[in-house]
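Understanding the architecture of this molecule
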Amino acid sequence: MEKNSEVLKHKVKAVIFDLDGTLVDSEPNYSKADDVLLGEYGIQALSEEMKKKYVGIGTREMMEDVKGIYGINESIDILVAKKNKYYLEIAKENTIVFPEMYRFLQFLKENNYPLAIASGSSPEIIDMILAITSLTEYFNVILSADEVAKGKPAPDVFWEAAKRLGVPFENCLVMEDSVHGVEAAKSASMYCMALPYMMEEPFDDSFLMADVLFKQGIIGFRAEEAIDWLRKNS
């Protein structure tokens, strides 16, 4: 764990979680859903390089990009609906909560931190994932980027989450696994604990903006280390 600062200027009073790749291991499920969807239009599976491009951005933004690249003759709404349908079918049988992140979440709940989900997934996807993993009750606010003007890396979804929590932006800590998520958190004037989903060095400069960086991603994340840091800054 690397820290850009030991003691923060503003105290952490609330924590906002990204969902996919941060709290639950959903990226492989999304990848499978993409393969099924594109196959329906006779398009080969995305390369690993292209998949990296879409980690951390909303489903609608991704579908807009893919539609443009491949000239898919279908509306964005239909593409999003199809992808969500395929994803739900896969995710119902294969969604895992990261154990160390779950321990961290339990600590936060037991200590009465206001908690939010701010995800690029659609509202129905978020609700379903939280329900099947029994996480719904942990969160005071559950928010999709579909509900704001712009998805990550714009700060909108984090700003809105903070507003609904009733906590100033500067008192929020964001948990993120993607470059776009870290950029959004820092643009929102929030603290950020980053766990890169793509653990490839040298890291994108955006990850170096995070206040805490677990260079080994979720594999290297330890709840006790995060808790110790939080205790010093709450």
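See the structure printed just above.
This write-up is about the structure you can find in this document.

Conventions and cut-offs
- Counting from 1, residues in each chain are numbered in the order their sequence is written.
- Since the coordinates come from a predicted model, pLDDT governs what is reported: local features require at least 70, and pairs of side-chain atoms require 80 or more to be given and counted, while whole-chain, interface and lining totals use all residues.
- Excluding hydrogens and water, the side-chain values take into account all heavy atoms of the structure.
- Within this document, salt bridges are pairs made up of a side-chain nitrogen of Lys or Arg and a carboxyl oxygen of Asp or Glu, the two lying within 4 Å of each other.
- Each helix is a run of H or I in the DSSP string that is no shorter than four residues. Each strand is a run of E no shorter than two, and both are numbered from the N terminus.
- Burial classes follow relative accessibility: with a 1.4 Å probe on protein chains only, a residue under 20% of its type's maximum area counts as buried, one over 50% as exposed, and anything between as partly exposed.
- Multiplying 1.5 Å by the residue count of a helix minus one yields the expected span of that helix.
- Any pair of residues with heavy atoms lying within 4.5 Å of one another is described as a contacting pair.
- At least two bridges found by DSSP between two strands is the condition for calling them paired.
- By nonpolar core we mean a set of buried residues, namely Ala, Val, Leu, Ile, Met, Phe, Trp, Tyr and Cys, connected to one another through side-chain atoms within 4.5 Å.
- For Phe, Tyr and Trp, where Trp contributes only its six-membered ring, two rings pair if their centres lie within 6.5 Å, and the inter-plane angle classes them as stacked under 30 degrees, edge-to-face over 60, or tilted in between.

**Concerning the pattern of salt bridges**
- What the rule picks out here adds up to 12 salt bridges.
- Residue Glu 40 is joined to Lys 82 by a salt bridge in which the shortest nitrogen-to-oxygen separation is 2.5 Å. With Glu 40 in helix H1 (residues 27-40) and Lys 82 in helix H4 (residues 76-91), this pair connects stretches of sequence that are 42 residues apart.
- The structure contains a network of salt bridges with shared partners spanning Asp 18, Lys 152 and Glu 176.

**Examining the environment of Ala 154**
- Among the structural elements, Ala 154 can be located in the loop between strand E4 (141-144) and helix H7 (156-165).
- Relative accessible area serves as the criterion here: at 16%, Ala 154 is assigned to the buried category.
- Placed 27 residues apart in sequence, Ala 154 and Gly 181 show a C-alpha to C-alpha distance of 8.7 Å.

**Observations regarding H1**
- If you check H1, its first and last C-alpha atoms are 20 Å apart, about what 14 residues at 1.5 Å a residue would give, namely 20 Å.
- Buried within H1 are the following residues: Glu 27, Asn 29, Tyr 30, Ser 31, Ala 33, Asp 34, Leu 37 and Leu 38.
- Where H1 is buried, its residues contact helix H2 (48-54), helix H3 (59-70), H4 and helix H6 (123-132).
- Looking one or two places after H1, you find Gly 42, whose phi comes out positive at around 70°.

**Some details on the sheet that holds strand E7 (residues 212-213)**
- Pairing is mixed across the open sheet formed by seven strands, whose spatial order is E1-E7-E6-E5-E2-E3-E4. Edge positions in the sheet fall to strand E1 (2-3) and E4, since each has one partner strand and no second.
- Taken together, the three bridges between strand E2 (residues 14-17) and strand E3 (residues 115-119) define a ladder with parallel strand orientation. Within E3, the residue paired with Val 15 across the bridge is Leu 115.

**A few points about the nonpolar core**
- Counting residues in hydrophobic clusters, the biggest one holds 58 residues, and the most contacted among them are Phe 17, Leu 23, Phe 104, Phe 139 and Met 175.
- When residues of this core are assigned to their parent elements, the largest contribution, eight residues, is made by H4.
- Those residues in contact with Phe 139, other than ones at most four positions away along the chain, are Phe 17, Leu 23, Leu 105, Leu 115, Ala 116, Ile 117 and Leu 130.
- Ranked by size, the runner-up nonpolar core spans 28 residues in total, among them Ala 118, Phe 158, Ala 184 and Ala 188.

**Regarding the packing of aromatic side chains**
- Going through the model one piece at a time under the given rule, you end up with eight aromatic pairs.
- When the ring of Phe 17 is compared with that of Phe 104, the centres are 6.4 Å apart and the planes differ by 55°; the resulting orientation is tilted. Residue Phe 17 is located in strand E2, and its partner Phe 104 is located in helix H5 (residues 99-110); the two are separated by 87 residues in the primary sequence. Exposure class is identical for Phe 17 and Phe 104. Each is buried.

**A word on unusual backbone geometry**
- Following Lys 152, the chain continues to Pro 153 via a peptide bond in cis, the omega torsion being 15°.
- Mapped onto the fold, Pro 153 is located in the loop between E4 and H7.
- One non-glycine residue, Ser 134, lies in the positive phi region at around 60°.
- By the element assignment, Ser 134 lies in the loop between H6 and E4.
- For Ser 134, a relative accessible area of 55% translates into the label exposed.
- One non-glycine residue, Ser 189, lies in positive phi territory at about 65°.

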